Amino acid sequence: MNAILENKPATAPIKSRRRFPTELSIFLVLIGIGLVFELFGWIVRDQSFLMNSQRLVLMILQVSIIGLLAIGVTQVIITTGIDLSSGSVLALSAMIAASLAQTSDFARAVFPSLTDLPVWIPVIAGLGVGLLAGAINGSIIAITGIPPFIATLGMMVSARGLARFYTEGQPVSMLSDSYTAIGHGAMPVIIFLVVAVIFHIALRYTKYGKYTYAIGGNMQAARTSGINVKRHLVIVYSIAGLLAGLAGVVASARAATGQAGMGMSYELDAIAAAVIGGTSLAGGVGRITGTVIGALILGVMASGFTFVGVDAYIQDIIKGLIIVVAVVIDQYRNKRKLKR
């Protein structure tokens, strides 16, 4: 018996597989997509896709507005929530901020007695509208317990309706130079990057981030550990609304106008950027760095498809497929975690 035991081969030690950080994997996907469009650019258009500085600047400017929404949406998704209202809140914030940024030279100003105001007034108004909308979303979800999908869907419809009702569908134009300067040049990109750094630090190194991940990981355990889950959810949704308001200010300043149709379907792009960037719809997983790369992927794809002449409707179909694939990958990843 001893001889048998002695001759039994020893169990081989289990080798831990080295894994790339999620953000690095997503970044490699971004590089791959850029190279594919570079190749197609020479085949279809006989010119470079990546070496056109004007195209890249326009792409990054557009990504910056979607990215602001995506940073807020990422934090909501980490708590196992969802925010479908960000695009509509952007439009409402843009309309109200623009109406307070008009010059006295315009005869049809929304508020003739409130023209030529200091730039901080319309900016704070736009941020305040977003903050209020987010706080309403969070309060409804926390107090009533209804699914975030329903609460934010209601806000999506209501905010869009208010944006149209505010000026009866008319655009708001003739904005002051000090206000439109917010959207000129690289300013939208700078704002986006500063916000991304702030919330990357907040999620990774502060109590706010720990509470957010704890709620997304196990809400009941978070309550048991002493976290005021309802209050924190209101804070998270308020921040998402605040960032939607900021996106509205930046978008209206960049376009030098406020329109009720602004931000249409931007909420879907923001959710897609977060999910592509590795944020799990099951909650408890996600990073701002991944979301930034996810937003860049969407921007590169949109610009690339336009560059090679893909129809806009086909682009929407492809974008929808990408969202579905990203969610399927997320579900597969969660199942593997559970098996472990």
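These numbers were taken from a predicted model, which means no experiment stands behind them.

## Side note on the environment of glycine 81
Piece 1. Tracing the backbone through its elements, the reader meets glycine 81 in the loop between helix H3 (53-78) and helix H4 (86-99).
Piece 2. On a C-alpha basis, the gap between glycine 81 and glycine 309 in space is 37 Å, while along the polypeptide they are 228 residues apart.
Piece 3. The residues touching glycine 81, leaving out its near neighbours within four places in the chain, are Val76, Pro148 and Tyr237.

## Topic: the packing of aromatic side chains
Piece 1. Counted according to the given criterion, the structure contains four aromatic pairs.
Piece 2. Relative to phenylalanine 307, the ring of phenylalanine 49 lies with its centre 5.4 Å away and its plane at 45°, an arrangement referred to as tilted. Here phenylalanine 49, found in the loop between helix H2 (22-45) and H3, pairs with phenylalanine 307, found in helix H13 (residues 288-308); they are 258 residues apart in sequence, far enough to count as distant.
Piece 3. Judged by its relative accessible area of 1%, phenylalanine 49 falls in the buried class.
Piece 4. Each ring, one from phenylalanine 111 and one from tyrosine 166, has its centre 6.3 Å from the other, and the planes form 65°; the classification is edge-to-face. You can see phenylalanine 111 sitting in the loop between H4 and helix H5 (120-144) and its partner tyrosine 166 sitting in helix H6 (residues 148-166), a full 55 residues away along the chain.
Piece 5. Ring pairs connect the aromatic residues Phe37, Phe49, Phe305 and Phe307, which therefore count as one cluster.

## Some details on the side chain of histidine 232
Piece 1. Within the element layout of this structure, histidine 232 appears in helix H11 (residues 229-255).
Piece 2. Not counting residues within four places of it along the chain, the set of residues in contact with histidine 232 comprises Tyr208, Tyr211, Thr212 and Ile215.

## Here's the deal with the UniProt feature "transmembrane region" (unreviewed entry) in the protein chain
Piece 1. Those places that UniProt annotates as "transmembrane region" (unreviewed entry) correspond, in this numbering, to residues 24-44, 56-78, 119-143, 149-167, 179-203, 234-256 and 268-301.
Piece 2. Span residues 268-301 is 68% helix and 0% strand, its end C-alpha atoms 15 Å apart.

## Concerning a nonpolar patch on the surface
Piece 1. Where nonpolar side chains cluster on the molecular surface, the patch consists of Leu132, Ile136, Ile140, Ile146, Phe149 and Ile150 and spans about 500 Å² of accessible area.
Piece 2. Considering each element in turn, the nonpolar patch owes the most residues, three residues, to H5.
Piece 3. Within the secondary structure layout, isoleucine 140 lies in helix H5.

## Some points on helix H8 (residues 187-205)
Piece 1. In this model, H8 (19 residues) spans 27 Å end to end at C-alpha, consistent with the 27 Å of a helix rising 1.5 Å per residue.
Piece 2. In this fold, the buried residues of H8 make contact with H3, helix H9 (207-217), H11 and H13.

## Side note on the layout of surface pockets
Piece 1. Estimates place the volume of the second largest pocket at around 570 Å³.
Piece 2. Together, 25 residues line the second largest pocket, and Asp269, Leu298, Ala302, Gln315 and Lys319 are the ones closest to its centre.
Piece 3. Mapped onto the lining of the second largest pocket, the elements with two or more residues apiece are H3, helix H12 (266-276), H13 and helix H14 (312-339).
Piece 4. Residue contributions to the lining of the second largest pocket peak at eight residues, all from H14.
Piece 5. Partitioned by chemical class, the residues of the lining of the second largest pocket number 16 nonpolar, six polar and three charged.

## So, unusual backbone geometry
Piece 1. Positive phi is not limited to glycine here, since aspartate 116 has a value of about 55°.
Piece 2. Of note, aspartate 116 is situated in the loop between H4 and H5.
Piece 3. Its identity is not glycine, yet methionine 174 carries a phi of approximately 60°, on the positive side.
Piece 4. By the secondary structure assignment, methionine 174 is in the loop between H6 and helix H7 (177-180).

Procedures and definitions
- Residues numbered from 1 in each chain as written.
- Predicted model: local features only at pLDDT ≥ 70, side-chain atom pairs only at ≥ 80, totals over all residues.
- Heavy atoms only, no water.
- Helix = DSSP H or I, 4+ residues; strand = E, 2+ residues; numbered from the N terminus.
- Contact = heavy atoms within 4.5 Å.
- Phe/Tyr/Trp six-rings, centres within 6.5 Å; stacked < 30°, edge-to-face > 60°.
- Buried < 20%, exposed > 50% of the residue type's maximum accessible area, 1.4 Å probe, protein only.
- UniProt positions renumbered as here; feature names shortened; annotations may be inferred.
- Patch = residues over 30% accessible without salt bridge, like charges linked within 9 Å, V, L, I, M, F, W, Y side chains within 5 Å.
- Areas by Shrake-Rupley, 256 points an atom, 1.4 Å probe, with all protein chains shown as cover.
- Salt bridge = Lys/Arg side-chain N within 4 Å of Asp/Glu carboxyl O.
- Expected span 1.5 Å × (residues − 1).
- 1 Å grid on protein atoms, 1.4 Å probe; cavity = no way out; pocket = protein on both sides within 12 Å on 5 of 7 lines; lining within 4 Å.
- Points joined across faces, edges and corners; volume = space filled by probe spheres on them.
- Nonpolar A, V, L, I, M, F, W, Y, C, P; charged D, E, K, R; others polar.

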